[in-house]
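# Observations on chain architecture
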Amino acid sequence: MTHVENELNSQPECWARAAEEAPRHRDALPGPGERVAIVGCGTSYFMAQAVAGLREGAGQGETDAFAASEFPYGRPYDRVVALTRSGTTTEVLELLGKVRGRTRTTAVTADPGTPVMSAADGLVVLDFADERSVVQTRFATTALTLLRAHLGLHTDSVVADARTALSASLPEDLLACTQFTFLGRGWTVGLAGEAGLKMREASLSWTEAYPAMEYRHGPISITTEGTATWMLGAAPAGLAQQVRATGGLWIDGGLDPLAELVRIHRLAVAVAAARGLDPDQPRHLTRSVILAP
């Protein structure tokens, strides 16, 4: 079994632990009414988008998400939260250094022995969710679960759905598809982006991701036999029928959207195996992007 498979299979236990530990990290995480920016790179950026959508939707305060390299330094925030598995990503460390002393910062990381430990004002270390893999699975979803629980939006049913996602068979015909599109609404737009990234990283698949209502505005033109469109969360009325009418495969995500992402993790590994690829050694990628000075 690959490292990726071992790590994705451990997600239900990691989520349960993160939800249990969330109260003790209350002071390090954003409070109600704070104006917050959540930043990350790659997978962590998509998780930041999801958290921002959840927090604003819960009425907790204005929340923006940025790729760390695109942070608007002229915009005032009460707190910046950086999601960084490795704690060594150049863009994240540079951002934390630039805002230090004028904006409160918090880092959510997996490794307590990295530079981010001294770069941020507040710290949340999820070392039990760290990974050997280059491709992120459990750290990203565990960090999102922690923040979801902090917002009061996590329930035991989410963990139960994750276990279902790991045990139930994948939809038929997916392995034969040549292109995958992932759709979301609200906070699940970030999950859709992450789903597309996971499939590209692990299986070199042609993938796209969109807000679901945008799919009719052009992207549906590529849908045909051999393509799959996967909805994370509730679909807009009529969209499933439109996709099926093209001949494409429609996947209606019936589990909690975060658990649906676990199903997509499984799909990425399965497609990689079918194509003779090693998901533990994705092409051109490293565990952390560290840029030379």
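For the structure given in this document, a descriptive report is provided here. (Residues numbered from 1 in each chain as written. Predicted model: local features only at pLDDT ≥ 70, side-chain atom pairs only at ≥ 80, totals over all residues. Heavy atoms only, no water.)

### Topic: empty space enclosed by the protein
Under the convention used in this document: Detection works on a 1 Å grid of protein atoms alone, calling trapped sets that fit a 1.4 Å probe cavities and calling open sets with protein on both sides within 12 Å along at least five of seven lines pockets, with lining residues defined by an atom within 4 Å of a point. Grid points are joined across faces, edges and corners, and a volume is the space filled by probe spheres set on the points. Under the scheme used here, helices are H or I runs from DSSP no shorter than 4 residues and strands are E runs no shorter than 2 residues, and both carry numbers assigned from the N terminus. Side-chain classes follow a simple rule in which Ala, Val, Leu, Ile, Met, Phe, Trp, Tyr, Cys and Pro form the nonpolar group, Asp, Glu, Lys and Arg form the charged group, and the remainder, Gly included, forms the polar group.
Following the criterion strictly, the structure yields 2 cavities of 30 Å³ or more and no others. For the largest cavity, the calculated volume is near 40 Å³. Lining the largest cavity are Pro-30, Ile-38, Val-51, Arg-55, Leu-147, His-150 and Leu-151. Looking at the lining of the largest cavity, the elements that each hand over two or more residues are α3 (43-57) and α6 (138-150). Its residues placed into classes, the lining of the largest cavity shows 5 nonpolar, 1 polar and 1 charged.

### Some remarks on the sheet that holds strand β9 (residues 249-252)
This is how the line gets drawn: We treat two strands as partners when DSSP finds at least two bridges between them. To obtain each axis, a line is fitted to C-alpha atoms, and for helices this fit is confined to the stretch in contact; angles are then taken between N-to-C directions over 0 to 180 degrees. Any two residues whose heavy atoms approach within 4.5 Å are treated as being in contact.
The sheet built from 4 strands is open, its strands ordered β7-β6-β8-β9 with parallel pairing. Each having just a single partner strand, β7 (206-211) and β9 make up the two edges of the open sheet. Going across the sheet, the axis of each strand differs from the next one's by a mean of 20°, ignoring polarity. Where strand β6 (residues 179-184) and strand β8 (residues 227-232) come together, 6 bridges link them in parallel fashion. The residue of β8 that forms the bridge with Leu-183 is Met-231. Contacting β6, β7 and β8, helix α8 (residues 188-203) crosses the sheet at an angle of about 160° to β6.

### Some remarks on helix α2 (residues 11-21)
For clarity, the threshold we go by: We call a residue buried when its accessible area falls under 20% of the maximum for its residue type, exposed when it is over 50%, and partly exposed in between, using a 1.4 Å probe and counting protein chains only.
Taken together, the buried positions of α2 are occupied by Gln-11, Pro-12, Cys-14, Trp-15, Ala-18 and Glu-21. Looking at the packing, one finds that the buried side of α2 touches α1 (3-9), α6, α7 (156-167) and α10 (257-274).

### Brief notes about the packing of aromatic side chains
In plain terms, the rule: Aromatic pairs are defined between Phe, Tyr and Trp rings, using the six-membered ring for Trp, whenever the two ring centres lie within 6.5 Å; interplanar angles under 30 degrees are classed as stacked, those over 60 as edge-to-face, and all others as tilted.
What the rule picks out here adds up to 7 aromatic pairs. Seen from their ring centres, Phe-182 and Trp-230 are 6.3 Å apart, and the 40° between their planes marks the pair as tilted. Of the two residues, Phe-182 is situated in strand β6 and Trp-230 in strand β8; the sequence distance between them amounts to 48 residues. Residue class for Trp-230 comes out buried when judged on its relative accessible area of 1%.

### Some details on the environment of Val-36
Its location among the elements puts Val-36 in strand β1 (residues 36-40). For Val-36, a relative accessible area of 0% translates into the label buried. Spatially, the C-alpha atoms of Val-36 and Thr-103 are 10.0 Å apart, while their sequence positions differ by 67 residues. With sequence-adjacent residues up to four places away left out, Val-36 is seen in contact with Pro-30, Arg-55, Glu-62, Thr-63, Asp-64, Tyr-77, Arg-79 and Val-81.

### With respect to the nonpolar core
For the record, the criterion: By nonpolar core we mean a set of buried residues, namely Ala, Val, Leu, Ile, Met, Phe, Trp, Tyr and Cys, connected to one another through side-chain atoms within 4.5 Å.
Counting 55 residues, the largest nonpolar core has Leu-144, Phe-180, Phe-182 and Leu-191 as its most contacted members. Here the element with the most residues in this core is α10; it accounts for 8 residues. The residues contacting Phe-180, other than those within four sequence positions of it, are Leu-174, Met-199, Ser-205, Trp-206, Thr-207, Glu-208, Ala-228, Leu-267 and Val-271. Counting residues in each nonpolar core, the second largest holds 16 residues, with Ala-82, Leu-96, Val-99 and Val-116 among its members.

### Structural notes on the packing of α2 against α6
Under the convention used in this document: In these notes the angle categories are as follows: under 35 degrees is roughly parallel, over 145 is roughly antiparallel, 65 to 115 is roughly perpendicular, and the rest is oblique. Left-handed describes a crossing in which the near helix is turned anticlockwise from the far one by less than a right angle; the clockwise case is right-handed.
Where α2 contacts α6, the two axes come as close as 8 Å, and the packing angle between them is 30°. By the angle between their directions, the pair α2 and α6 is classed as roughly parallel. Crossing handedness for the pair α2 and α6: right-handed. For the pair formed by α2 and α6, the contact residues are Gln-11, Cys-14, Trp-15, Ala-18 and Ala-19 on the first element and Arg-138, Thr-141, Thr-142, Thr-145, Leu-146 and Ala-149 on the second.

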